Amino acid sequence: MKKIISCFTFSLLSCILFAQKDSSGTSKLNGLFKRANSIFSSGRSSSGSLTTAEISSGLKEALTIGAQKSADKLSATDGFLKDAAVKILLPAEVSKAESKMRMLGMGKLVDNTILSLNRAAEDASRSAAPIFIEAIKMITLQNALQILQGPDTAATFYLREATTPQLMAAFAPIIEAALNKVNATKYWKDFFSAYNTVAFSTVDTDINSYVTGKALNGIFYYVAEEEKNIRTNPAERVSDILKKVFSK
């Protein structure tokens, strides 16, 4: 080992002496230092002693915890309905007619429609966590360090960008079953039949796609909140890997 170190030292000194005699030696010497640094830093991130694998593991665990807590919170009765941050309202294109419909004595129909949409999302959220967790396992966080050093919701944003199409496809049939279970489809049809009699133009909105998107928005909202908690509150780091990664 001493011989190897001696050889390396001799080679390095030789490069320095050569650089003093040859103006082109500066770029050569810089290249040598970069190569040596690459060798010694291989497998390590710039966050102290953390490896990229450790950062990736910590971020995935944080997202998994966020997904589980979010699903538990939103699947409770009134988890969507009585939470202003995620409550599912009528589509923007018909919300302007809501007051008019209430004035015409259709307030109960409006309320039942909104209630059924939120109940469907709450019911479907019971099955959301496993879908999210499988999606989290599959993502490759090649830019793990950048995500770790990014904003407080950087990992959630990455998950959303990387998995939304797959999550929409997996969640849609669950939402459809939940909509039928709480008669949301019937209320939706009745609502739009009534709406189209007082509106200037008819609206054909896909209820399944609408509620699926809103339900996923709600879940992502609370996944982001949980990520912020883990990043900023040491008490939320419930495992060794979370403590190691997020204490940096």
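The structure under discussion appears in the preceding block.
Because the structure is a prediction, the values reported are computed rather than measured.

A short note on the side chain of Arg 237
- Within the secondary structure, Arg 237 sits in the loop between α11 (207-232) and α12 (240-246).
- Buried charged residue Arg 237 carries no salt bridge. Nearest counter-charge: Asp 152, at 8.9 Å.
- Filtering out sequence-adjacent residues up to four positions away, Arg 237 remains in contact with Ile 230, Arg 231, Thr 232, Leu 242, Lys 243, Phe 246 and Ser 247.

Some points on the packing of helix α9 (residues 154-181) against α11
- Following both chains from N to C, one finds α9 and α11 inclined at 140°, their axes separated by 8 Å at the closest point. In terms of their interaxial angle, α9 and α11 are classed as oblique. The chirality of how α9 crosses α11 is right-handed.
- In terms of residue class, the contact of α9 with α11 is made up of 17 nonpolar, seven polar and four charged.

Let's talk about α9
- The sharpest bend along α9 comes to roughly 65°, located at Thr 163, with the proline Pro 165 sitting one to four residues further on.
- Looking at the buried positions of α9, the neighbouring elements they touch are α3 (52-74), α6 (107-125), α7 (128-138), α8 (144-148), α10 (184-198) and α11.

Points about the nonpolar core
- Counting 65 residues, the largest nonpolar core has Leu 59, Phe 132, Phe 171 and Phe 191 as its most contacted members.
- Mapped by element, the contributors of at least two residues to this core are α3, α6, α7, α8, α9, α10, α11 and α12.
- Residue contributions to this core peak at 10 residues, all from α11.
- Excluding its chain neighbours within four sequence positions, the residues that come into contact with Phe 171 are Ala 124, Ser 125, Ala 128, Ile 131, Thr 212, Ala 215, Leu 216 and Ile 219.

Parameters and conventions
- Think of each chain on its own: its residues are numbered from 1, step by step along the sequence as written.
- The predicted nature of this model means local features are confined to residues of pLDDT at least 70 and side-chain atom pairs, given and counted, to a pLDDT of 80 or more, with totals for whole chains, interfaces and linings taken over all residues.
- To obtain the side-chain values, all non-hydrogen atoms of the structure were used and water was disregarded.
- Strands here are runs of E lasting at least two residues and helices are runs of H or I lasting at least four, both read from the DSSP assignment and numbered beginning at the N terminus.
- A 1.4 Å probe rolled over the protein chains alone gives each residue an accessible area, and that area as a share of the maximum for its type sets the label: buried under 20%, exposed over 50%, partly exposed in between.
- Neither His nor the chain ends is counted toward charge; the positive residues are Lys and Arg and the negative residues Asp and Glu.
- A pair is scored as a salt bridge if a Lys or Arg side-chain nitrogen falls within 4 Å of a carboxyl oxygen belonging to Asp or Glu.
- Any pair of residues with heavy atoms lying within 4.5 Å of one another is described as a contacting pair.
- Between the N-to-C directions of two axes lies an angle of 0 to 180 degrees, each axis being a line fitted to C-alpha atoms and, for a helix, fitted only over the stretch in contact.
- Here is the rule for angles: anything less than 35 degrees is roughly parallel, anything more than 145 is roughly antiparallel, 65 through 115 is roughly perpendicular, and the remaining ranges are oblique.
- Should the near helix be turned counterclockwise from the far one by less than a right angle, the crossing is left-handed, whereas a clockwise turn marks it as right-handed.
- Each residue receives one of three labels: charged for Asp, Glu, Lys and Arg, nonpolar for Ala, Val, Leu, Ile, Met, Phe, Trp, Tyr, Cys and Pro, and polar for the others, Gly being one of them.
- Note that bend, as reported per residue, equals the angle between axes fitted to the 7 residues terminating at that residue and the 7 residues originating from it.
- The set of buried Ala, Val, Leu, Ile, Met, Phe, Trp, Tyr and Cys residues whose side-chain atoms join them within 4.5 Å is what this entry labels a nonpolar core.

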